Amino acid sequence: MRSARQRMVRQMKLRNLSTSTQDDYLRRLKKLEQHVGKSLGRIGLEEIRDYLLYLHDKRRLAPGSVNSYARAFRFFFLNVMDRPWPLAAIPAAREPKTLPVVLAPSEVVRFFDAAKSFKYRTIFQIMYASGLRVSEAANLRVSDIDSQRMVIRVNQGKMNKDRYTVLSPKLLLILREYWRTCKPANVQVKRTDPWVFPGRKPGSHITTASIQTACKNVRVQSGLEKNVTPHSFRHSFATHMLENGVDLRTIQVLMGHASFSTTTIYTHIATARIAGMRSPFDLLPGSEANHE
């Protein structure tokens, strides 16, 4: 007879959840089990709710982080354990609507200049130049860089979707120089299609955790006050594309957004358009008052 964990893995595979999502769900279920001190099959609804409150009140996790636990619990108890609970029995916290961090072009240059590692600087540049997620940049293979068609193929991005995005001519020159510089020390010769950014372990690609750590370090070195994360380059890519006249539908395709509404958030942060607008206050007759 299968254990609860085995049934969970089976259900996740049947629904074709990504490996990272499967690992994340199992990790959060294990934390619930350890906190309550019971096996998963013996945990009740109130204990789940109490744990979510503990994450919010005691651990001070953001609503989005608490909801990631709730999603894992909802999937397991409703789909695997077949608990007769309504979907709302494991509630989702209301998440505040916040705008993403976007860098000005001058700040992007300043960040790149502060990145002393050629490898990590190239990773940050490819995320900004092509709008890649950090996991997508880490998983790039050499064959994904199509210099004939000037596109980058993103294999199995979020929601297990393939897509193409733009390959900048300037980025292509950087990638070629990076490959000449870094290939002898890092790439495994036996691979017919090696990773663009190999990891320390033979045959593996660089980890997203190492990219995130490098990003934190470079942000400090750059002196930028904004909370720059790897995802900031993706947001900056979309915002700057919009400010340069690219339509939202094209940006949606390049970003790999499943919903058009996700892409429209960039209309709220494209400040170049806002800065070029005239306030109705400026159009009022006699608005230049004398201050005597």
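Below or above, wherever it landed, is the structure these notes cover. (Residues numbered from 1 in each chain as written. Predicted model: local features only at pLDDT ≥ 70, side-chain atom pairs only at ≥ 80, totals over all residues. Heavy atoms only, no water.)

Between helix α10 (residues 230-243) and helix α11 (residues 248-255), the least distance of the axes is 10 Å, while the angle of their chain directions is 155 degrees. As judged from the angle between their axes, α10 and α11 are roughly antiparallel. You can see that α10 and α11 cross each other, and the crossing is right-handed. Contacts between α10 and α11 involve Arg-234, Phe-237, Ala-238, Met-241 and Leu-242 on the former and, on the latter, Leu-248, Ile-251, Leu-254 and Met-255. (Axes fitted to C-alpha atoms, helices over the stretch in contact; angles between N-to-C directions. Helix = DSSP H or I, 4+ residues; strand = E, 2+ residues; numbered from the N terminus. Parallel < 35°, antiparallel > 145°, perpendicular 65-115°, else oblique. Left-handed = near helix turned anticlockwise from the far one by under 90°. Contact = heavy atoms within 4.5 Å.)

Glancing now at the pattern of salt bridges. Pairing is possible between side chains of opposite charge, provided their charged atoms come close. Following the criterion strictly, the structure yields nine salt bridges and no others. Between Lys-38 and Glu-47 there is a salt bridge, and its shortest N-O distance comes to 2.8 Å. In this structure, the salt-bridge partner of Glu-46 is Arg-49, at a minimum N-O distance of 2.8 Å. Placement of both Glu-46 and Arg-49 in helix α3 (residues 45-57) is noted, with a separation of three residues, approximately one turn of the helix. Of the residues examined, Glu-46 reaches a relative accessible area of 48% and is grouped as partly exposed. Each of Asp-24, Arg-27 and Arg-28 takes part in salt bridges that share partners, so that together they form one network. (Salt bridge = Lys/Arg side-chain N within 4 Å of Asp/Glu carboxyl O. Buried < 20%, exposed > 50% of the residue type's maximum accessible area, 1.4 Å probe, protein only.)

What follows deals with the side chain of Ser-68. Its location among the elements puts Ser-68 in helix α4 (residues 63-80). The buried category is assigned to Ser-68, whose relative accessible area is 10%. Within the structure, Ser-68 has its side chain in polar contact with the backbone oxygen of Ser-65 (distance 2.4 Å). (Polar contact = N/O pair within 3.5 Å; in protein donor to acceptor, adjacent residues only side chain to side chain.)

The next thing to look at is the side chain of Arg-28. Here Arg-28 shows up in helix α2 (residues 19-36). The exposure class assigned to Arg-28 is buried, which follows from its relative accessible area of 17%. In terms of polar contacts, Arg-28 uses its side chain to reach the side chain of Asp-24, at 2.9 Å. Sequence-distant contacts of Arg-28, defined by excluding residues within four places in its chain, comprise Ser-65, Ser-68, Tyr-69, Ala-72 and Phe-73.

In terms of nonpolar packing, the biggest core is built from 34 residues, with Phe-111, Phe-124, Ile-126, Met-127, Ile-145, Ile-211 and Phe-233 touching the most fellow members. Those elements that place two or more of their residues in this core are α5 (105-114), α6 (118-130), α7 (134-138), β2 (151-154), α8 (169-186) and α9 (208-222). The contact partners of Ile-126, leaving out residues within four places of it in the chain, are Gly-131, Leu-132, Ala-137, Leu-140, Ile-152, Leu-171, Leu-175 and Phe-197. Counting 27 residues, the second-largest nonpolar core is a separate cluster that includes Leu-26, Leu-29, Ile-43 and Ala-72. (Core = buried A, V, L, I, M, F, W, Y, C linked by side-chain atoms within 4.5 Å.)

Further remarks concern the packing of aromatic side chains. Enumeration over the complete set of coordinates arrives at 15 aromatic pairs. Following the ring pairs from residue to residue traces out a cluster consisting of Phe-111, Phe-112, Phe-124, Tyr-128 and Phe-233. Just above the ring of Tyr-164 sits the side chain of Arg-149; from NZ or CZ to the centre is 5.0 Å. (Phe/Tyr/Trp six-rings, centres within 6.5 Å; stacked < 30°, edge-to-face > 60°. Lys NZ or Arg CZ within 6 Å of the ring centre and 35° of its normal.)

Time to look at the packing of α6 against α9. For any two helices packed against each other, the geometry comes down to the angle between their axes and how far apart the axes lie. Running from amino to carboxyl end, α6 crosses α9 at an angle of 95 degrees, the nearest separation of the two axes being 11 Å. Relative to α9, α6 is oriented roughly perpendicular. Across the interface between the two elements, Tyr-120, Ile-123, Phe-124 and Met-127 from α6 touch Ser-210, Ile-211, Ala-214, Cys-215 and Val-218 from α9. Residues that form the contact of α6 with α9 fall into these classes: eight nonpolar, one polar and no charged. (Nonpolar A, V, L, I, M, F, W, Y, C, P; charged D, E, K, R; others polar.)

Mapped onto the elements of the fold, Ile-123 is located in helix α6. Through-space distance from the C-alpha of Ile-123 to that of Val-196 is 9.5 Å; in sequence the pair is 73 residues apart. Setting aside anything within four residues of it in sequence, one finds Ile-123 in contact with Ala-137, Phe-197, Ile-206 and Ile-211.

Here the focus is α6. For α6, with 13 residues, the first-to-last C-alpha span of 18 Å sits near the 18 Å given by 1.5 Å per residue. Listed as buried for α6 are Lys-119, Thr-122, Ile-123, Phe-124, Gln-125, Ile-126, Met-127 and Ser-130. Positive backbone phi, at 70 degrees, marks Gly-131, one or two positions downstream of α6. (Expected span 1.5 Å × (residues − 1).)

Further remarks concern unusual backbone geometry. With a phi close to 60 degrees, Asn-16 is a non-glycine residue in the positive phi region. You can see Asn-16 is positioned in the loop between α1 (4-14) and α2. We note that Asp-82 has phi near 55 degrees; this positive angle belongs to a residue other than glycine. With respect to the helices and strands, the residue Asp-82 is situated in the loop between α4 and α5. Asp-82 gets classed as exposed once you look at its relative accessible area, which sits at 58%.

Below, the discussion takes up the sheet that holds β2. Read across the sheet, three strands follow the order β1-β2-β3 without closing on themselves; strand pairing throughout is antiparallel. Looking at which strands have only one partner, the edges of the open sheet turn out to be β1 (145-146) and β3 (163-166). (Pairing = 2+ DSSP bridges.)

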